[in-house]
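Here's the letter readout for the chains.
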Amino acid sequence: MPTSSADETGRPPAYLQVDDLAAGYGASVIVNGASAGVGHGEIVTIVGPNGAGKSTFLKAIVGMIPALSGKVRLGEEDVTNMKANNLAKRGLGYVPQVNDVFETLSVLDNLAIGGYLLSRPGAARRMEAVLETFPALKTMLKRTASKLSGGERKMLAIARVLMLEPRLLVLDEPTSNLSAELSRMLLEEHVRRLGKGGTALLIVEQKALAALTISDWAYVMAAGTMKVSSAAKDLLARKDIGEVFLGRSTEGPNVQRASGGIC
Ligand SMILES: Nc1ncnc2c1ncn2[C@@H]1O[C@H](COP(=O)(O)OP(=O)(O)OP(=O)(O)O)[C@@H](O)[C@H]1O
Ligand SMILES: [Mg+2]
């Protein structure tokens, strides 16, 4: 059941609510009955083993692949199977795991494309604000995106999506290929700051401990469904955390099984 007000978990009302989603590729169903929610201004992380279906789940939410069944709601609207550009107009920004920038274009052009729905003066104003968030990009506006370092490239990928000032930002492995130190910087400095500024975030992350540290809520996905839904701090406190991350253990205090609604 979608939740419309803060529930007993203390979570804010759901802004994104996904119920019983199924999705896959051709005849192969990868995600099967997965549910998750992101409240207004919440940072929510999905962890789980390789191949669990995390990226597939995100792709079906953001309109990159069809949802075979289930429901995606954004605000008060049913947006199941809505195309990505219409979701962008409604305030959903998505940074994929791969192909996250236009490699042959400059940093400046990547940002300009990110603001494609804005008027020219609106885009210029927004670019200024985004460059304040990622000041390192200011010095490399003319550089071709393919020449950026891993960390610079990820900043550009996020900055490009921020051009439209999303209310919900969906990030698929923002720290992949980044060193431990850069990962922590990206999560603790940039992502946390976005969350504090009121942007809701749904993140899939391999660097689970670093991601959970900045998150409010967490899901563990394994074999195409959510095995655990828990406050991030409770998940971090579990002694069997290694097993939990692999989706093998779903028992324990403060950890609830995912059900249809935000939980
Ligand atoms: N485009 C595709 N066509 C066919 N099968 C795919 C495609 N993309 C992913 N798969 C398969 O779907 C399954 C889940 O993949 P997915 O990328 O969703 O996992 P993941 O949890 O994001 O893993 P990782 O942590 O390694 O990124 C895998 O078995 C994968 O091989
Ligand atoms: Mg993935």
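So, here is what we can say about the structure in this document. (Residues numbered from 1 in each chain as written. Chains lettered and ligands numbered in written order. Predicted model: local features only at pLDDT ≥ 70, side-chain atom pairs only at ≥ 80, totals over all residues. Heavy atoms only, no water.)

### Some thoughts on the overall build of the protein chain
- When you go through the protein chain residue by residue, the secondary structure sums to nine helices and eleven strands.
- For a compact globule of 263 residues, the expected C-alpha radius of gyration is about 18 Å, and the protein chain comes in at 18 Å, within 12% of that figure.
- Over its C-alpha atoms, taken along the principal directions, the protein chain stretches across nearly 50 × 40 × 35 Å.
- Here the protein chain holds 263 residues, and 54% of them are scored as buried. (Helix = DSSP H or I, 4+ residues; strand = E, 2+ residues; numbered from the N terminus. Rg over C-alpha atoms; globule rule 2.2 N^0.38 Å. Buried < 20%, exposed > 50% of the residue type's maximum accessible area, 1.4 Å probe, protein only.)

### A short note on the site of ligand 1
- Neighbouring residues of ligand 1: 13 residues in total, closest Gly51, Lys54, Ser55, Thr56 and Gln206.
- Interatomic distance of 3.0 Å between a backbone N/O atom of Gly53 and an oxygen atom of ligand 1.
- In the model, an oxygen atom of ligand 1 is placed 3.3 Å from a nitrogen or oxygen of the Gln97 side chain.
- Considering ligand 1 on its own, with 630 Å² of exposed area, one finds that the protein chains cover 59% of that surface.
- Ranked by residue count, the leading element in the shell around ligand 1 is helix α1 (residues 54-61), at three residues.
- Taken together, the residues of the shell around ligand 1 break down into four nonpolar, seven polar and two charged. (Near = heavy atom within 4 Å. Polar contact = N/O pair within 3.5 Å; in protein donor to acceptor, adjacent residues only side chain to side chain. Areas by Shrake-Rupley, 256 points an atom, 1.4 Å probe, with all protein chains shown as cover. Nonpolar A, V, L, I, M, F, W, Y, C, P; charged D, E, K, R; others polar.)

### Considerations on the pattern of salt bridges
- Counted according to the given criterion, the structure contains eleven salt bridges.
- Salt-bridge contacts for Arg143 lead to Glu152; the nearest nitrogen and oxygen are separated by 3.9 Å.
- Arg143 sits in the partly exposed class, given a relative accessible area of 35%.
- The closest approach of N and O atoms between Asp240 and Arg238, which form a salt bridge, is 2.8 Å. (Salt bridge = Lys/Arg side-chain N within 4 Å of Asp/Glu carboxyl O.)

### So, the sheet that holds strand β1 (residues 14-25)
- Strand order across the open sheet formed by four strands is β2-β1-β4-β5, with antiparallel pairing between neighbours. Each of the sheet's edge strands pairs with one partner strand only, and the pair in question is β2 (28-39) and β5 (77-78). (Pairing = 2+ DSSP bridges.)

### Comments concerning helix α6 (residues 180-196)
- A rise of 1.5 Å per residue sets the reference length of α6, with its 17 residues, at 24 Å; its end C-alpha atoms lie 23 Å apart and thus fit the reference within 8%.
- Inspection of α6 places Ser183, Leu186, Leu187, His190, Val191, Leu194 and Gly195 among the buried residues, and these make up the whole buried set.
- Contact partners of the buried residues in α6: β3 (43-47), α4 (120-133), α5 (150-162), β7 (168-172), β8 (200-204) and α7 (208-213).
- Gly198 sits one or two positions beyond α6 and adopts a positive phi of about 105°. (Expected span 1.5 Å × (residues − 1). Contact = heavy atoms within 4.5 Å.)

### Some words on the coordination of the magnesium ion (ligand 2)
- Protein-derived ligands of the magnesium ion (ligand 2) are Ser55 (OG) and Gln97 (OE1), with the metal-ligand distances lying across 2.0 to 2.3 Å. With Ser55 in helix α1 and Gln97 in the loop between β6 (92-95) and α3 (107-114), this pair connects stretches of sequence that are 42 residues apart.
- Residue classification places Ser55 among the buried residues on the basis of a relative accessible area of 17%.
- Its relative accessible area of 30% is what places Gln97 among the partly exposed residues. (Donors = N, O, S within 2.8 Å, 3.2 Å for Na, K, Ca; no water.)

### Points about the pairing of strand β9 (residues 217-222)
- Among the six residues in β9, six count as buried, and that is most of the element.
- Of the two faces of β9, both are covered, the one formed by Trp217, Tyr219 and Met221 as well as the one formed by Ala218, Val220 and Ala222.
- Note: β3 against β9, four bridges, orientation parallel. Bridged to Val47 within β9 is Val220.
- Across six bridges, the pairing between β9 and strand β10 (residues 225-231) is antiparallel. Looking at β10, one finds that Ala222 is bridged to Thr225.

### Considerations on the packing of α5 against α6
- At their nearest, the axes of α5 and α6 sit 11 Å apart, and the two run at 15° to each other. The angle between the axes of α5 and α6 places the two elements in the roughly parallel class. In terms of crossing hand, the pair formed by α5 and α6 is right-handed. In this structure, α5 contributes Gly151, Lys154, Met155, Ile158 and Leu162 to the contact, and α6 contributes Leu182, Met185, Leu186, His190 and Leu194.
- Across the contact of α5 with α6, the residue classes tally to seven nonpolar, two polar and one charged. (Axes fitted to C-alpha atoms, helices over the stretch in contact; angles between N-to-C directions. Parallel < 35°, antiparallel > 145°, perpendicular 65-115°, else oblique. Left-handed = near helix turned anticlockwise from the far one by under 90°.)

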